[in-house]
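Single-letter residue listing:
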Amino acid sequence: MINVAVAGVGGWGKNLARNYFQIPDCTLRYICDLDPAALGQLQRQLPGTQTTTRFEDLLSDQDLHAVVVATPAPTHYALCKSALEAGKDVYVEKPFVLRSLEAEELIRLAEREGRILMVGHLLLYHPIVTRIKEMIDARELGDVYYVYNQRVNLGTVRGDENALWSFAPHDISVILHLLGQEPTDVSARGQSYLQPGIEDVVFITLNFNGRSMAHIHVSWLDPHKIRKLTIVGSKKMVVFDDLESTEKLRIYDKSAHQATDYNTFAEYITLRFGDITIPHVRVDEPLRLECQHFLDCVRTRKTPVTDGRDGLRVVKVLEAAQRSLDKGGTPVPIEATKV
């Protein structure tokens, strides 16, 4: 049995705590939060779990194997560092940290201490994303021309981070994973309508070697709730709509090609309209799959799919996007990850 503690249960952390409580081959030993009321409310749903407002209690427990950090993003670096130094394996929610230098330090620390370090890029454990990645790697879509994503709704307005840092880590992690490469540069523009200095809406554009590009639209100030990813390839096109209950993935057998033999301009571009396929993909709960993957890594010592380096790549894009945002959309180059 792997003993786990969850630090931060006021938001997404309570969902993590419930999952670790329900998984048979682990024990949720602690829930930790600065708010005693939040602890008391959740403890009634998780009988037998100890509560504490002191993160130090987790570090001093020699029988605790792993710490799940789901606290506000500005605290991630310090809490992860102290947990790794105490000999605990660590899972940390997105965004990993707020600076790439901090990410690099935590990666080196985890390797020096022989600890597992995993970042909560949830969508990489989504069965639909796994299916799309298999299609891209098998060249079923041909060359990927461009990707665009919308993650918008009229929802929770945050005061400690803007829409870029709150929403975009999901989409950046998926795009980097699917394309299998890091962007060469990023530009971002946004506006702060509700709170000065905290952008409610952000538009991000990533450029990749080989002419591929990606566009991300994130906002918590929008009339629609949309979670949709579109990928346009030279052979086929794919749409992943996460809000669809059953038909989440659609494959469009459509493309456009330059003709080699033509007499008029109208014949120069050939359009092909094929079938629309809605494949059956068993969609298990991504959060449960992610939690189980962390436990498997703790048990077997294998490297997580979303390890510290994966977290670093996303943080580098977020950092560059924030600099571009501050400069009114000026493109900012991104150096290849070396750690």
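Worth saying up front: this structure is predicted, and the values here are computed from it rather than measured. In every chain, residue numbers begin from 1 and rise along the written sequence. Given that the model is predicted, a residue must reach a pLDDT of at least 70 before its local features are reported, and side-chain atom pairs must reach 80 or more before they are shown or counted; all residues, however, enter totals for whole chains, interfaces and linings. Only hydrogens and water are set aside; all other atoms, that is, all heavy atoms of the structure, feed into the side-chain values.

## A few points about the state of the cysteines
Phase 1 of the analysis: Only a pair of cysteine sulfur atoms within 2.5 Å qualifies as a disulfide here. This structure, assessed with the given rule, holds 0 disulfides.
Phase 2 of the analysis: Of all cysteine sulfurs, the one in C32 lies closest to C80, which takes part in no disulfide; the gap is 13 Å.
Phase 3 of the analysis: C291 takes part in no disulfide bond, and the closest cysteine sulfur to it belongs to C26, at a distance of 8.3 Å.
Phase 4 of the analysis: Only protein chains enter the accessibility calculation, which uses a 1.4 Å probe. A residue is then buried if its area is under 20% of the maximum for its type, exposed if over 50%, and partly exposed in between. Take C291: its relative accessible area is 0%, and that puts it in the buried class.

## Considering the packing of aromatic side chains
Phase 1 of the analysis: Whether two aromatic rings pair depends on their centres lying within 6.5 Å, for rings of Phe, Tyr and Trp, where Trp uses its six-membered ring; planes under 30 degrees apart make the pair stacked, over 60 edge-to-face, and the rest tilted. One pass over the full model with this rule turns up 3 aromatic pairs.
Phase 2 of the analysis: Only when the NZ of Lys or the CZ of Arg is both within 6 Å of the ring centre and within 35 degrees of the ring normal is a charge said to sit over the ring. Lying over the aromatic face of F167, R227 brings its terminal NZ or CZ to 6.0 Å of the ring centre.

## Digging into a nonpolar patch on the surface
Phase 1 of the analysis: Each patch is built from residues that are more than 30% exposed by relative accessible area and take part in no salt bridge. Like charges join if they lie within 9 Å; nonpolar side chains (Val, Leu, Ile, Met, Phe, Trp, Tyr) join within 5 Å. Exposure was quantified through the Shrake-Rupley algorithm and a 1.4 Å probe, taking into account, for residues, occlusion by the shown protein chains and nothing else. By salt bridge we mean one thing: a side-chain nitrogen of Lys or Arg within 4 Å of a carboxyl oxygen of Asp or Glu. Taken together, the side chains of L154, V157, Y193, L194 and L221 make up a nonpolar region of the molecular surface, amounting to roughly 500 Å² of accessible area.
Phase 2 of the analysis: Secondary structure elements follow DSSP: runs of H or I no shorter than four residues count as helices, runs of E no shorter than two count as strands, and numbering proceeds from the N terminus. Assignment of secondary structure puts L154 in the loop between β7 (144–152) and α7 (163–179).

## Re the side chain of K133
Phase 1 of the analysis: Take K133: it is sitting in helix α6 (residues 127–137).
Phase 2 of the analysis: Using a relative accessible area of 17% as the deciding quantity, one classes K133 as buried.
Phase 3 of the analysis: Residues within four places of K133 in sequence aside, it is in contact with H177, L178 and G180. Contacts between residues were defined by any pair of non-hydrogen atoms, one from each residue, lying within 4.5 Å.

## Section: the layout of surface pockets
Phase 1 of the analysis: Points on a 1 Å grid, built from protein atoms alone, make a cavity when a 1.4 Å probe fits but cannot get out and make a pocket when they are open with protein on both sides within 12 Å along at least 5 of 7 lines; residues with an atom within 4 Å of a point are the lining residues. Grid points are joined across faces, edges and corners, and a volume is the space filled by probe spheres set on the points. Taken as a whole, the largest pocket encloses approximately 1,300 Å³ of empty space.
Phase 2 of the analysis: Together, 45 residues line the largest pocket, and G11, W12, G13, K94 and R158 are the ones closest to its centre.
Phase 3 of the analysis: Secondary-structure elements contributing two or more residues to the lining of the largest pocket are α1 (13–22), α4 (76–85), α7 and α8 (286–300).
Phase 4 of the analysis: One number sums up the size of the second largest pocket: a volume of about 200 Å³.
Phase 5 of the analysis: Taken together, 14 residues line the second largest pocket, and the ones lying closest to its centre are E111, R115, L117, T303 and D307.
Phase 6 of the analysis: Sort the elements by how many residues they give to the lining of the second largest pocket and helix α5 (residues 100–113) lands first, with 3 residues.

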